[in-house]
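Spelled out, the chains give:
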Amino acid sequence: MTDRETRHQQSMQKLKAHVDDKVASATEERGLLLVFTGNGKGKTTAAWGTVTRALGYGYKVGVIQFIKGLWECGERERLHDDTNLEVAIMATGFTWDTQNRESDTQACQEVWQEAKRMLENPEVYLVVLDEITYMMKYGYLDSAEVIAALENRPAEQTVIVTGRNANREVVAMADTVTEMQETRHAFNAGLKARRGIDF
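Calculation criteria
- Residues numbered from 1 in each chain as written.
- Predicted model: local features only at pLDDT ≥ 70, side-chain atom pairs only at ≥ 80, totals over all residues.
- Heavy atoms only, no water.
- Axes fitted to C-alpha atoms, helices over the stretch in contact; angles between N-to-C directions.
- Helix = DSSP H or I, 4+ residues; strand = E, 2+ residues; numbered from the N terminus.
- Parallel < 35°, antiparallel > 145°, perpendicular 65-115°, else oblique.
- Left-handed = near helix turned anticlockwise from the far one by under 90°.
- Contact = heavy atoms within 4.5 Å.
- Nonpolar A, V, L, I, M, F, W, Y, C, P; charged D, E, K, R; others polar.
- Pairing = 2+ DSSP bridges.
- Phe/Tyr/Trp six-rings, centres within 6.5 Å; stacked < 30°, edge-to-face > 60°.
- Buried < 20%, exposed > 50% of the residue type's maximum accessible area, 1.4 Å probe, protein only.
- Patch = residues over 30% accessible without salt bridge, like charges linked within 9 Å, V, L, I, M, F, W, Y side chains within 5 Å.
- Areas by Shrake-Rupley, 256 points an atom, 1.4 Å probe, with all protein chains shown as cover.
- Salt bridge = Lys/Arg side-chain N within 4 Å of Asp/Glu carboxyl O.
- Core = buried A, V, L, I, M, F, W, Y, C linked by side-chain atoms within 4.5 Å.
- Polar contact = N/O pair within 3.5 Å; in protein donor to acceptor, adjacent residues only side chain to side chain.

Novice: How would you summarise the packing of helix H5 (residues 101–120) against helix H7 (residues 143–151) if you had to cite specific residues and measurements?
Specialist: Think of two packed helices as two axes; the pair is described by the angle between the axes and how far apart they sit. Contact geometry for H5 and H7: axes closest at 9 Å, N-to-C directions at 25 degrees. It follows from the interaxial angle that H5 and H7 lie roughly parallel. Where H5 crosses over H7, the two elements pack in a sense that is left-handed. The residues of H7 that touch H5, namely those facing Trp112, Lys116 and Leu119, are Glu145, Val146 and Ala149. When grouped by side-chain class, the residues that make up the contact of H5 with H7 number four nonpolar, no polar and two charged.

Next up, the structure:
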């Protein structure tokens, strides 16, 4: 074995020992609160990836889409026949299209009732609150009510919150926070959103 191979093996042994220690010390089991936020692309896509993973194991999953619900959604199209998946959609679509605070608030409150029902159901393993951060920021939902629902959900239930400008209190209580950072976005260069790639 060369010196380089020996150094590499020693380095990997140290890394393995470190990883093994971390795995051994992770003993708590419960549902998680994950926040996917930031200006970069991929927050909803990451959430749908986790939905697919949970469905793959036969778990019940609930998805609430607060803004992009009227858009085509390839993941939703592919998974909609899965009897373990329930999707509720805010009927108004993008708030900048409707420009009507009253109707947006009403639509948001209606779909929030579905979200609350899912958040109270111990049989729902994963709940995705897609783009809920906007609803809290615009005042369509009371932040304290959302936080209380997250705090009081069943212990084994995982929740994913997506959207830009995530509420600070939600970020503070989250187990995992991923901030998507935009380095470059094709849309800003005039490229159209692409079916099967962007939606």
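Moving on from the model shown.
Novice: An account of the sheet that holds strand E5 (residues 158–162) is requested, with residue identities and associated values reported.
Specialist: Reading across from one edge, E3-E2-E4-E5-E1-E6 is the order of the six strands in this open sheet, with parallel pairing throughout. With one partner strand each, in any of the chains shown, strand E3 (85–89) and strand E6 (176–179) form the two edges of the open sheet. For this sheet the average axis-to-axis angle between neighbouring strands, irrespective of direction, equals 10 degrees. Here four bridges tie strand E4 (residues 124–130) to E5, and the two strands are oriented parallel to one another. Residue pairing for E5: Val128 is matched across the bridge by Ile160. Taken strand by strand, helix H2 (residues 43–56) contacts strand E1 (33–37), strand E2 (60–65), E3, E4 and E5, and its axis lies near 165 degrees from that of E4.

Novice: With reference to specific residues and values, describe the packing of aromatic side chains.
Specialist: Applying the stated criterion across every chain, the model contains three aromatic pairs. Considering the side-chain rings of Tyr59 and Tyr125, the 3.6 Å spacing of their centres and the 5 degrees angle between planes classify their relative orientation as stacked. Remark: Tyr125 occurs in strand E4 and Tyr59 occurs in the loop between H2 and E2; sequence separation between them is 66 residues. Given a relative accessible area of 33%, Tyr59 falls into the partly exposed group.

Novice: Report on a nonpolar patch on the surface, specifying residues and quantitative values.
Specialist: Together, Met12, Leu15, Val19 and Val23 make up an exposed nonpolar region whose accessible area comes to about 350 Å². Looking at the secondary structure, you find Val19 in helix H1 (residues 3–25).

Novice: Got a sec to walk through unusual backbone geometry? Specific residues and values, please.
Specialist: Even without being glycine, Glu131 reaches a positive phi, approximately 65 degrees. In this structure, Glu131 sits in the loop between E4 and helix H6 (132–137). Residue classification places Glu131 among the buried residues on the basis of a relative accessible area of 6%. One non-glycine residue, Asn165, lies in the positive phi region at around 50 degrees.

Novice: Talk me through the pairing of E1; I want residue IDs and the actual numbers.
Specialist: Within E1, five of the five residues are buried, which leaves the element mostly enclosed by the surrounding structure. Because side chains alternate across E1, one face comprises the buried residues Leu33, Val35 and Thr37, and the other comprises Leu34 and Phe36, equally buried. Summarising the sheet, E1 and E5 pair through four bridges and their orientation is parallel. In the sheet register, Val35 faces E5, and the bridge partner there is Val161. Pairing analysis gives four bridges linking E1 to E6, with the strands arranged parallel. Within E6, the residue paired with Phe36 across the bridge is Thr178.

Novice: Any chance you could break down the nonpolar core for me, citing the residues and the numbers?
Specialist: Core analysis: the biggest nonpolar cluster contains 32 residues, and Phe66, Trp112, Leu129, Ile132 and Met135 have the highest contact counts within it. Taken together, the elements giving at least two residues each to this core come down to E1, H5, E4, H6, H7 and E5. Of the residues forming this core, the biggest block, seven residues, is contributed by H5. Apart from residues no more than four positions distant in its own chain, Trp112 is found in contact with Phe66, Leu119, Ile132, Leu141, Glu145, Val146 and Ala149. Counting residues in each nonpolar core, the second largest holds 15 residues, with Phe36, Trp48, Ala54 and Ile160 among its members.

Novice: Describe the environment of Asp82, listing the residues and the values that go with them.
Specialist: As for its position among the elements, Asp82 is in the loop between helix H3 (74–79) and E3. Under the relative-accessibility criterion, Asp82 is labelled partly exposed at 26%. Each C-alpha atom of the pair Asp82 and Gly56 lies 10.0 Å from the other, and the pair is 26 residues apart in sequence. Within the structure, the side chain of Asp82 is placed 2.8 Å from the backbone nitrogen of Asn84, a separation counted as a polar contact.

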